[in-house]
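Tertiary structure, described
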Amino acid sequence: MNSLIQHLLESGPITTDGAWGTQLQALGMPIGECPDAWNLTEPDRVEMVARSYVQAGSQIILTNTFGASRVRLAEFGLADQVAEINRAGAEISRRAAGDLAQVFASIGPTGKMLMMGQVTEDELRAAFAEQAQALAEGGSQGLVIETMSDPAEAKIAVAAAKTTGLPVVGCMTFDTGKEKDRTMMGTTPEQAADALAQAGADVIGTNCGQGVEGFVRICQRLRAQTGLPLWIKANAGLPEMKDGKIVYNTTPDQFATFVQALLDAGANFIGGCCGTSPAFIQAIREKIQALTGKN
């Protein structure tokens, strides 16, 4: 096991952070704007999000770099600013974390389909390696490949991230099929666990796609397939449209009631994804402390 991961887990289950996009929107970011560009244009507001999670009890926070690969940034005409945006994102989260939390930088999918010929493996490999290197240069202590649907893209991203020498978390999103236990590409938890492990991930898991109640069974299946630490970040339920706004109906206390089940299922890192906030993280941290007797 990676030495940093091992050290973190010696103190028991780890609380990660929550959603970034909805928090940035609450601070005034218009829907449709490039969130990652805020690392350069609105660093203070980005740092407010990072700091709010540290104050809520996150032991690991991510970075505002989910869509900061060359491929994604090109959609906003920002492909030539990959290094600056990612380095700034890592530096912002490091400032907010101080000595209270670790920073594991976020790397999301490119949004392009390999099987449709929209991008090549070499293009993906280069884009993920470029982003990972910039995040490492900015001071990230780990990298999180998240919200992946295609195991082929996920494996390329994990392998590229591993070239930095940092610990790498690999996560896929299960939101498809009758039981919501497949990725968009039809990948099962068992297949995902194998693919991510083969690519070299130090931690594997799942994020986004559905509410926390659906994550318990996914976590159980991942644990049955692998001995690697598991990273779990569920949504605050499924989004609904209300009065022209997207809302999530799960409350922090409701979310935290599933912490025991997730721990029993084998989760080692627990946080939140879309719709969650610092209040969710505080509830998760308090529940873990109550259940384990550890800080």
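So, here is what we can say about the structure in this document. Everything quoted here is computed from the prediction, not taken from an experiment. (Residues numbered from 1 in each chain as written. Predicted model: local features only at pLDDT ≥ 70, side-chain atom pairs only at ≥ 80, totals over all residues. Heavy atoms only, no water.)

On the secondary structure map, Thr-183 appears in the loop between β5 (168–172) and α9 (189–199). For Thr-183, a relative accessible area of 0% corresponds to the buried category. (Helix = DSSP H or I, 4+ residues; strand = E, 2+ residues; numbered from the N terminus. Buried < 20%, exposed > 50% of the residue type's maximum accessible area, 1.4 Å probe, protein only.)

Here the focus is the packing of helix α6 (residues 82–97) against helix α7 (residues 121–137). Packing of α6 against α7 brings their axes to within 7 Å, and their N-to-C directions diverge by 40 degrees. By the angle class used here, α6 and α7 are oblique. Considering only the axes of α6 and α7, their crossing is right-handed. For the pair α6 and α7, contact is made by Val-82, Ala-83, Asn-86, Arg-87 and Ala-90 and by Glu-130, Gln-131, Ala-134, Leu-135 and Glu-137, respectively. Considering only residue class, the contact of α6 with α7 consists of 5 nonpolar, 2 polar and 3 charged. (Axes fitted to C-alpha atoms, helices over the stretch in contact; angles between N-to-C directions. Parallel < 35°, antiparallel > 145°, perpendicular 65-115°, else oblique. Left-handed = near helix turned anticlockwise from the far one by under 90°. Contact = heavy atoms within 4.5 Å. Nonpolar A, V, L, I, M, F, W, Y, C, P; charged D, E, K, R; others polar.)

Close approach of charged atoms lets side chains of opposite charge pair. Under the definition given, this model contains 12 salt bridges. Among the ionic pairs, Arg-95 bridges to Glu-47, the shortest N-O distance being 3.2 Å. Here the residue Arg-95 occupies a position in helix α6, and Glu-47 occupies one in helix α4 (residues 43–56), the gap between them amounting to 48 residues. The exposure class of Arg-95 is partly exposed, given its relative accessible area of 44%. (Salt bridge = Lys/Arg side-chain N within 4 Å of Asp/Glu carboxyl O.)

Its location among the elements puts Asp-80 in the loop between α5 (70–73) and α6. Classification of Asp-80 as exposed rests on a relative accessible area of 62%. Each C-alpha atom of the pair Asp-80 and Arg-125 lies 17 Å from the other, and the pair is 45 residues apart in sequence.

So, on to the nonpolar core. One finds Phe-104, Phe-128, Leu-143, Ile-145, Trp-231, Leu-262 and Phe-269 to be the most contacted residues of the largest nonpolar core, which totals 80 residues. The contacts of Trp-231, once residues within four sequence positions are left out, are Thr-16, Ile-60, Leu-62, Phe-104, Val-144, Val-169, Cys-171, Val-203, Ile-204, Gly-205, Thr-206 and Phe-269. Core analysis: the next-biggest nonpolar cluster, separate from the first, contains 7 residues, Cys-34, Ala-37, Leu-73 and Val-82 among them. (Core = buried A, V, L, I, M, F, W, Y, C linked by side-chain atoms within 4.5 Å.)

Taken as a whole, this structure holds 0 disulfides when the rule is applied. In this structure Cys-34 is not part of a disulfide, and its nearest cysteine sulfur, from Cys-274, lies 16 Å away. On the basis of relative accessibility, which here comes to 4%, the residue Cys-34 falls in the buried class. (Disulfide = S-S within 2.5 Å.)

Let us look at α7. Over its 17 residues, α7 runs 24 Å from end to end, which matches the ideal 24 Å to within 8%, given 1.5 Å per residue. Of all the residues in α7, the buried ones are Leu-124, Ala-127, Phe-128, Gln-131, Ala-132, Ala-134 and Leu-135. Mapping the buried residues of α7 onto a view down its axis gives an arc of 160 degrees, with all of them on the same face. For α7, the elements touching its buried residues are α5, α6, β3 (102–107), β4 (142–148) and α8 (151–162). Residue Gly-139 follows α7 closely and has a positive phi angle near 105 degrees. (Expected span 1.5 Å × (residues − 1). Arc of directions from axis to C-beta.)

Overall, the coordinates contain 3 aromatic pairs when judged by the stated rule. Ring centres 6.3 Å apart and planes at 10 degrees place the aromatic pair Phe-104 and Trp-231 in the stacked group. Of this pair, Phe-104 sits in strand β3 while Trp-231 sits in strand β7 (residues 230–235), placing them 127 residues apart in sequence. Per residue, the accessibility class of Phe-104 equals that of Trp-231, and both read buried. Look at Phe-255 and Phe-280: their rings are 5.6 Å apart centre to centre, the planes differ by 85 degrees, and that puts the pair in the edge-to-face class. On the criterion of sequence distance, the pair formed by Phe-255 in helix α11 (residues 252–256) and Phe-280 in helix α13 (residues 278–292) is long-range, its members being 25 residues apart. When its relative accessible area of 1% is taken as the criterion, Phe-255 is described as buried. Classification of Phe-280 by relative accessible area gives buried; the value is 5%. Each residue in the set Phe-104, Trp-231 and Phe-269 is aromatic and connected to the rest through ring pairs, giving one cluster. (Phe/Tyr/Trp six-rings, centres within 6.5 Å; stacked < 30°, edge-to-face > 60°.)

Structurally, Thr-110 is set in the loop between β3 and α7. Overall, the relative accessible area of 0% leaves Thr-110 in the buried class. A polar contact of 3.2 Å, which involves the side chain of Thr-110, links it to the backbone nitrogen of Lys-112. When near neighbours in sequence (up to four residues on either side) are disregarded, Thr-110 contacts Ser-69, Val-71, Arg-72, Glu-75, Leu-124, Phe-128 and Glu-153. (Polar contact = N/O pair within 3.5 Å; in protein donor to acceptor, adjacent residues only side chain to side chain.)

Attention now goes to the pairing of strand β10 (residues 269–272). If a strand is regular, its side chains alternate between the two faces of the sheet. On β10, burial covers both faces: Phe-269 and Gly-271 on one face and Ile-270 and Gly-272 on the other are all buried. Where strand β1 (residues 14–15) and β10 come together, 2 bridges link them in parallel fashion. Within β10, the residue paired with Thr-15 across the bridge is Ile-270. As defined by bridge partners, β7 adjoins β10 across 4 bridges and the pair is classed as parallel. (Pairing = 2+ DSSP bridges.)

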